[in-house]
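An overview of the molecular structure
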Amino acid sequence: MPGDVEGIVSLARGSARIAHSARSDVGRVRAVNEDAFLAEAPVYLVADGMGGHAKGDAASQAVVATFQRHLESGVPPTPAQVLDAIHTSNDAVRALSDEGEEGTAVAGTTLAGVVLVDTGDGVGFHWMVFNIGDSRVYSWDGRRLEQLSVDHSAVQELVDAGLISPDDAERHPDRNVITRALGADEVVDPDIWLIPAAGRQMFLVCSDGLTKELDDDRVASILAGDAVHAAGMAGELVDAALEHGGRDNVSVVVVESTIGEGDDDDADATRDRGRESVETTRPRGEGAADG
Amino acid sequence: MAEYLSDGSRRRVAGVRPGAVLVVDGDHAAAIVGELWPTLSPDSTTAVIERLTAGGLSSTPDFALVTWTEHTAAGAVRVLVRGDFEVTAGSARISGVDVSTWTERLLDEAAEFEIAALGAGAGAGAVDEWNPIVDGVVPAGRVAVPARPTSSARADAAVAAAVAAVAAPVISAAGTPAMPAPNTTAALSAPVIAPAEVAASEHTIAPVDEATVTDFIESIPAPTIAATTSSDEAAPGDHDGLTIASVDIRRLRAEREAAKQVGDATPLSAVRRESAELAAPQPQLRLPDGAIEPIGHELVLGRAPSVSKVSGGRLPRLVTIGHGDPDISRSHVRLALEGGTVVVTDLHSRNGTLVVAPGRPPVKLRAGEPTPVLIGTVVDLGGGCTLQVVGA
């Protein structure tokens, strides 16, 4: 795809080819872009900063700098190293706030991303998905867009509690209220997913500037199309969000990885949807005939 | 404090320690008990079994081992009996007769129990007298814990005294037909060298922490928060007055923590409990290839295991097993240490998971239901893929 940057990550057996496109835009309303992203194989993340005195952009950039410092480019880290980078980022963001500062003056940022990690048993590499706040990670299998991360937001809690529907959540006046952020607390509590890395997989990492302008169907239809933008698929998505209003900063990272080509005899691995994996297991006793 | 009845034949020797009593029969009883006595404790079951079975099953002496946790008033009592011994605890009588290996049982309401050697000579020694013992090794055919309230030299009245003390009838061992032992043939379906530990019991349910504690409705920000934020709108940098400020987040979290405290599931105490567990010996898992994997915090095993939304920064370790075997699901089974107990959960696998506790028939796990198991339990994923929970 045009605008894609390709990175190679060496694995124990073979290597992973990871192409990505990334773009961040201030939008049409805001004066400052408080978003930041990092897209260097094998680390792809988006941070959406907030806080007074121009600390929002400092917060999101502090996260990117911390990840760059902590994780070596081109090498899959361990999940523990990624967690360490998240916790160190939290300290870095907290350091931006002065003693005794409260309210909007305090620096904070969301963080959402995917990192190809080495889970350590010599067999499995996994995509580690992490989330704090309301930036999002989706997977895209060419047909279906699936939201992997779960927002830490007030409306998500209302949805979880069954008080409002997901559709209502998109229009709710409190939809910008988040319940977790880097820098908000001494200890940060990220949500983590580990998805087996195999075959061809695509992820979309984005700030809420994308998902509050475009619904999932619109995002999926763009992903299903061709990218002609200079910034690749990320450029296409950001453009669409700007056309729709661009009321917030918009940041998008699109990741496409190919692992173990030809070396993967596991037919269902190419249709990897992580959580629904058990479906592909063959029932005992029936399998012999099916082959 | 315990009490014992001297064994005149001196063939049976009892070792008594706080939390554990071991009685062994045979020529080498004194040597064996003397050797094991210093290490007897509520947690020494494995060590005792390993020592007793060191020469193979055929040369394993008859024995009775009872361990209990002292700090629980009527806590769990673990009973292992082989051969001509019988343990009476409350209404339960556990015998080793007619069992090729040994009988294992976990009782949760037994506050008192008595070990008795069966057969000739039991309790019929030269000195028919109950003596108190706190800690030590003595030739004894019968041991009662705790000491009978009416300790005396009444030899023949001992049984009657026991009846009075135990409330449920304690039947004198001699001449009493042994209760049929629980079916232990299942132990043979486990690896024969395996049953180094104890049978599972439904009484060992550990408190299962919700990994993701439900957030309380109360903690959901009411519209007043947006209002608060809006009033601060003048602050530079707050772009839209809708994005929540850190101070609100902090307050929300405090409220949530407070709510969790009420719910007795505070993450802090969970952390403390986990750090306490770290000090104790950690159960491990023997993988199909013989490798040993510490269970540590949590393991997820399968053909291509994955993890979905865990919070709190502690990740399960992923272990790939049964590579290429379609009988094994991608994420098949989860093992975790919860409150010091190993808990096995079948992750809605296609072909299910069996657990085989030594001395028990195999049990199929209900999908998604955390089930506590004891050390020694074999976890069968099918397709010849078995795991075993072993001690550290």
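Owing to the predicted nature of the structure, the values given are computational and were not obtained by experimental measurement.

Right, let's talk about the overall build of chain A for a bit. When helices and strands are counted, chain A shows 8 helices and 12 strands. Per-residue burial for chain A yields a buried fraction of 55% across its 291 residues. Partitioning the contacts of chain A with sequence separation of at least 6, the portion at a separation of at least 24 is 69%.

Once that is clear, we can look at the sheet that holds strand S21 (residues 378–380) of chain B. Residues and elements named next belong to chain B. If you walk across this open sheet you meet the 6 strands as S12-S11-S22-S21-S18-S19, and the pairing is antiparallel. This sheet does not close on itself; its edge strands, each paired only once, are strand S12 (292–294) and strand S19 (363–364). With 2 bridges connecting them, strand S18 (residues 354–356) and S19 associate as antiparallel partners. Across the sheet, residue Leu354 finds its bridge partner in S19, namely Lys364.

The subject of this paragraph is the sheet that holds strand S20 (residues 371–373) of chain B. Residue and element names in this part refer to chain B. Read from one edge to the other, the open sheet built from 5 strands follows the order S15-S13-S16-S17-S20, with strand pairing classed as mixed. The open sheet has two edge strands, strand S15 (317–320) and S20, and neither has a second partner. Pairs of neighbouring strands in the sheet enclose a mean axial angle of 25 degrees, with direction left out of account.

What follows is about unusual backbone geometry. Following Ala41(A), the chain continues into Pro42(A) via a peptide bond in cis, with omega recorded as 0 degrees. Even without a glycine there, the phi angle at Asp98(B) is positive, about 70 degrees. In this structure, Asp98(B) sits in the loop between strand S6 (92–96) and strand S7 (103–107). A positive phi angle, close to 45 degrees, is found at Lys309(B), a residue other than glycine. Along the chain, Lys309(B) falls in strand S14 (residues 307–310). We classify Lys309(B) as partly exposed; it has 15 C-beta atoms within 10 Å.

What follows covers the confidence of the model for chain A. Residues and elements named next belong to chain A. Looking at chain A as a whole, its pLDDT mean stands at 84, while 84% of the residues score no less than 70. Considering only residues more than four positions removed or in separate chains, one finds that residues 262–279, a stretch of pLDDT under 50, has 34 contacts. Scored below 50 in pLDDT, residues 286–291 makes 2 contacts in the model with residues more than four places away or belonging to other chains.

Quick look at helix H2 (residues 45–52) of chain B now. Residue and element names in this part refer to chain B. Taken as a whole, H2 has its buried residues at Thr45, Val48, Ile49 and Leu52. What you see down the axis of H2 is that its buried residues fit within an arc of 95 degrees, all on one side. Lining the buried residues of H2 we find strand S3 (20–25), helix H1 (29–36), strand S4 (63–68) and strand S5 (77–89).

Quick look at the environment of Val205(A) now. All names here are of chain A. Tracing the backbone shows Val205 in strand S11 (residues 199–206). In the structure, Val205 is positioned 70 residues away from Ser135 in sequence and 7.6 Å away in space, judged by C-alpha atoms. Ignoring sequence-local partners within four residues, the contact set of Val205 consists of Tyr44, Leu45, Val46, Ala112, Gly113, Val114, Val137 and Val253.

The subject of this paragraph is the pairing of strand S10 (residues 136–145) of chain B. Residues and elements named next belong to chain B. Of all 10 residues in S10, 8 are buried, a share of seventy percent or more. Note that strand S2 (residues 12–17) and S10 share 4 bridges and pair antiparallel. Looking at S10, one finds that Val13 is bridged to Pro139. In this sheet, S10 lies alongside strand S8 (residues 113–117) in antiparallel orientation, the contact comprising 4 bridges. If you follow Ala116 over to S10, its bridge partner there is Arg142.

With that settled, the discussion passes to the nonpolar core. By size, the foremost hydrophobic cluster in this structure holds 111 residues, and its most contacted members are Leu45(A), Val63(A), Val114(A), Met128(A), Val205(A), Val252(A) and Val253(A). The residues contacting Val253(A), other than those within four sequence positions of it, are His20(A), Ala22(A), Phe37(A), Ala39(A), Tyr44(A), Val46(A), Val205(A) and Ala234(A).

Now for the pairing of S5(B). Residue and element names in this part refer to chain B. The buried count for S5 comes to 13 of 13 residues, which makes it a mostly enclosed element. Bridge count for S4 against S5 is 6 bridges, and the pairing is antiparallel. The partner of Val66 across the bridge, within S5, is Val79. Here S5 pairs with S7 via 5 bridges, running antiparallel. Counterpart to Val81 in the pairing with S7 is Thr103.

Residues and elements named next belong to chain A. Turning to its location among the elements, Pro42 is positioned in the loop between strand S3 (35–40) and strand S4 (43–50). For Pro42, a count of 28 C-beta atoms within 10 Å translates into the label buried. Between the C-alpha atoms of Pro42 and Ser257, which are 215 residues apart in sequence, the distance is 9.7 Å. Not counting residues up to four positions away in its chain, the partners in contact with Pro42 are Val9, Ile18, Pro76, Val115 and Leu116.

Here we come to the packing of helix H1 (residues 55–70) of chain A against helix H2 (residues 79–96) of chain A. Each pair of packed helices can be summarised by the angle the axes make with each other and by the distance between the axes. All names here are of chain A. Contact geometry for H1 and H2: axes closest at 9 Å, N-to-C directions at 145 degrees. Seen from above, H1 lies across H2 with right-handed handedness. Together, Lys55, Ala58, Ala59, Ala62, Val63, Thr66, Phe67 and His70 of H1 and Gln81, Asp84, Ala85, Thr88, Ser89, Ala92, Val93 and Leu96 of H2 make up the contact between the two elements. A class-by-class count of the residues in the contact of H1 with H2 yields 9 nonpolar, 5 polar and 2 charged.

Residues and elements named next belong to chain B. In the predicted model, chain B carries a mean pLDDT of 70, and 60% of its residues have values of at least 70. Per-residue pLDDT stays below 50 along residues 150–238; that stretch engages in 195 contacts with residues further than four places along the chain or on separate chains. We note a pTM of 0.56 for the whole complex and an ipTM of 0.70 for its interfaces.

What counts and what doesn't
Residues numbered from 1 in each chain as written. Chains lettered and ligands numbered in written order. Predicted model: local features only at pLDDT ≥ 70, side-chain atom pairs only at ≥ 80, totals over all residues. Helix = DSSP H or I, 4+ residues; strand = E, 2+ residues; numbered from the N terminus. Buried ≥ 20, exposed ≤ 12 C-beta atoms within 10 Å, placed from the backbone. Contact = placed C-beta atoms within 7 Å. Pairing = 2+ DSSP bridges. Axes fitted to C-alpha atoms, helices over the stretch in contact; angles between N-to-C directions. pLDDT = per-residue confidence, 0-100. Arc of directions from axis to C-beta. Core = buried A, V, L, I, M, F, W, Y, C linked by C-beta atoms within 7 Å. Left-handed = near helix turned anticlockwise from the far one by under 90°. Nonpolar A, V, L, I, M, F, W, Y, C, P; charged D, E, K, R; others polar.

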